[in-house]
Protein chains: 2
Amino acid sequence: MPKIVDHAERRREVLDATWRVIARTGLDSATTRAIAEEAGYSIGVLTHYFSDKQDILVSAHRLAFARARDRILAATRETTGIAALRLALLEALPLDAERFVEAQVDVSFLGQSVGNAHLRGIRSATYEGSRRLWRSFLDQADAGGELGPDADLALLVDDVVCLVDSLSIQAIVDPDHMTADHQVVLVDRFLARVSAGGAPAPAR
Amino acid sequence: MPKIVDHAERRREVLDATWRVIARTGLDSATTRAIAEEAGYSIGVLTHYFSDKQDILVSAHRLAFARARDRILAATRETTGIAALRLALLEALPLDAERFVEAQVDVSFLGQSVGNAHLRGIRSATYEGSRRLWRSFLDQADAGGELGPDADLALLVDDVVCLVDSLSIQAIVDPDHMTADHQVVLVDRFLARVSAGGAPAPAR
């Protein structure tokens, strides 16, 4: 009887193995060989999933954003508006070891995309998706009267993207300055500024 | 008579050639061979200036920040406070082709530094220097009564660094969204927010 391979399941196993290798050894060491070994497959099988090193980077990038998005949606299920935005920001930022790896993957991806139009296109689409997600929280906050009357939602989305990008980068490159505590200070300062009353965002 | 080599002058020639190669062909193509050809020296001579590819990246990084700093100091010679901060921000951001190359060098450097403690240390020192420079403008603005009474200067410095980092990255990776015009909108919005009266920063 021929063996039935569940491709979706195997792909998931390969991506999980990819993430474990990146988290343990860094992106540079995440070769097809290392991922195959971690997943328990031959390199031959891996070629069905990754054609080259750039493919691994693209998969890791998508995986990092999917993981962050899943966490954000789970964390904000019972909350809306500014309170949800705060929880979402705390999930997006590299405040623990796991999310630090996600930020490392993104900063590597950004660096590689400088001279690579294909990667720039992929990252640009990720930016678009991120802006939609942040906008949904800002729309809720606006509908709930939590923002100032003159709030420009499109520009506030840019502010959120800038905050997440720059705090993540500094946390990696300049960790003595941009500690986890300092990231939370800057998040709460941002939320206080955009909130209608200027009050600190509610903790949960 | 032995030829007298002016090492400082030759180093300057080599760095100028390095910058021209990066601007023309991108950082990935800026090899020792290409730089030697551009400068009109042998590869042997170049080894006195660069030991390897990483050395070229470090030199390019320092050169990019030195160029931006020189422009900022020149542009703000006759101005102080918020007006000077505005001119400085416009010099720091990738609003034209020349400064776009500086931003590309920095984003490449950030990406490479993820897995490289030596590069992280160098970039961390650059952050420290940048913070001092931005702080000097904020101190002037504060002394001139241009900031709100409760302005936290240290946190405002972080805001400026975040703005420059994130706008530069998005301008490279997502240029359709983060156009030069949009960067200026976000700069003026930031300046209006930190100014005591909330008024737009004076144009010059």
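Predicted model, so just to flag it, every value in this text is computed and none were measured.

Draft legend 1. The overall build of chain A, seen in detail. Looking only at helices and strands, chain A features nine helices and zero strands. Seen in sequence order, chain A has helices and strands lined up from the N terminus as α-α-α-α-α-α-α-α-α. Along the first, second and third principal axes, the C-alpha set of chain A runs to 65 × 40 × 30 Å. Burial analysis of chain A (204 residues in total) assigns 50% to the buried set. Put simply, chain A shows about 9600 Å² of open surface, and 52% of that area lies on carbon and sulfur atoms. Treating the 23 positive side-chain charges of chain A as one cloud and the 29 negative ones as another, the clouds have centres 5 Å apart.

Draft legend 2. Highlighting the domain arrangement of chain A. Residue and element names in this part refer to chain A. Taken domain by domain, chain A comprises domain 1 (1-51) and domain 2 (66-194). Here the C-alpha centre of domain 2 lies 29 Å away from the C-alpha centre of domain 1. Taken residue by residue, the interface counts four residues in domain 1 and five residues in domain 2. Run the count over domain 1 and domain 2 and you get zero salt bridges. Where domain 1 touches domain 2, the interface holds zero residue pairs in polar contact (both at pLDDT 80 or more).

Draft legend 3. Structural detail: the packing of aromatic side chains. Residues and elements named next belong to chain A. Applying the stated criterion to the full structure yields two aromatic pairs over all chains. Note on Trp134 and Phe137: the rings are 6.5 Å apart at their centroids and 50 degrees apart in plane angle, and the pair reads as tilted. In this pair, Trp134 and Phe137 both sit in helix H7 (residues 117-143), three residues apart, roughly one turn of the helix. By the burial criterion, Trp134 is buried, and Phe137 matches it. The ring centre of Tyr127 lies 4.0 Å from the NZ or CZ of Arg123, which sits over that ring.

Draft legend 4. Spotlight on the relation of the copies chain A and chain B. Relative to chain B, chain A is turned by 180 degrees and slid 0.0 Å along the rotation axis, the superposed coordinates differing by an RMSD of 0.0 Å. In short, the pair behaves as if placed about a two-fold rotation axis. Relative to the rotation axis, the closest C-alpha in chain A is found at Gly111 of chain A, a distance of 2.0 Å. Mapped onto chain B, 100% of the interface residues of chain A are again interface residues, and the two copies thus contact each other with one and the same surface.

Draft legend 5. Expanded view of helix H2 (residues 32-39) of chain B. All names here are of chain B. Residues of H2 that are buried: Ile35, Ala36 and Ala39. The arc enclosing the buried residues of H2, seen along the axis, measures out at 100 degrees, which places them on a common side. Turned more than 90 degrees from where H2 packs its buried face, Arg33 and Glu37 sit exposed. Buried-residue contacts for H2 involve helix H1 (7-25), helix H3 (43-46) and helix H4 (53-75).

Draft legend 6. Here's a closer look at helix H9 (residues 180-194) of chain B. Helix length check: H9 of chain B, at 15 residues, gives a terminal C-alpha distance of 22 Å against a target of 21 Å (1.5 Å per residue), a fit within 8%. Three or more residues of H9 of chain B are buried, namely His182, Gln183, Leu186, Val187, Phe190, Leu191, Ala192 and Val194 of chain B.

Draft legend 7. A look at the environment of Leu95 of chain A. All names here are of chain A. Within the fold, Leu95 resides in the loop between helix H5 (81-92) and helix H6 (97-113). By relative accessible area, which is 24% here, Leu95 ends up partly exposed. Measuring from C-alpha to C-alpha, the distance between Leu95 and Trp19 comes to 18 Å, with 76 residues separating the pair along the chain. For Leu95, the residues in contact, after removing those within four places along its chain, are Leu90, Ala180, Gln183 and Val184.

Draft legend 8. Layout of the interface of chain A and chain B. Listed per partner, the contact involves 34 residues of chain A and 34 residues of chain B. Regarding the contact of chain A and chain B, the summed buried area is about 2900 Å², with carbon and sulfur atoms giving 60% of it. Across the pair Asp174 of chain B and Arg131 of chain A runs a salt bridge, and its minimum N-O distance is 3.0 Å. Connecting chain A to chain B are ten residue pairs in polar contact (both at pLDDT 80 or more). At the level of elements, H6, H7, helix H8 (153-173) and helix H9 (180-194) of chain A are the ones that each hand at least two residues to the side of chain A that touches chain B. With 13 residues, the single largest contributor to the side of chain A that touches chain B is H8 of chain A. Residues belonging to the side of chain A that touches chain B are distributed by class as follows: 15 nonpolar, ten polar and nine charged.

Here is what the cut-offs are and how they apply
Residues numbered from 1 in each chain as written. Chains lettered and ligands numbered in written order. Predicted model: local features only at pLDDT ≥ 70, side-chain atom pairs only at ≥ 80, totals over all residues. Heavy atoms only, no water. Helix = DSSP H or I, 4+ residues; strand = E, 2+ residues; numbered from the N terminus. Buried < 20%, exposed > 50% of the residue type's maximum accessible area, 1.4 Å probe, protein only. Areas by Shrake-Rupley, 256 points an atom, 1.4 Å probe, with all protein chains shown as cover. Lys, Arg positive; Asp, Glu negative; His and termini not counted. Charge placed at Lys NZ, Arg CZ, Asp CG, Glu CD. Domains from an automatic or database assignment. Contact = heavy atoms within 4.5 Å. Salt bridge = Lys/Arg side-chain N within 4 Å of Asp/Glu carboxyl O. Polar contact = N/O pair within 3.5 Å; in protein donor to acceptor, adjacent residues only side chain to side chain. Phe/Tyr/Trp six-rings, centres within 6.5 Å; stacked < 30°, edge-to-face > 60°. Lys NZ or Arg CZ within 6 Å of the ring centre and 35° of its normal. Least-squares fit on C-alpha atoms with pLDDT ≥ 70 in both. Arc of directions from axis to C-beta. Expected span 1.5 Å × (residues − 1). Buried area = accessible area lost by both parts, 1.4 Å probe. Nonpolar A, V, L, I, M, F, W, Y, C, P; charged D, E, K, R; others polar.

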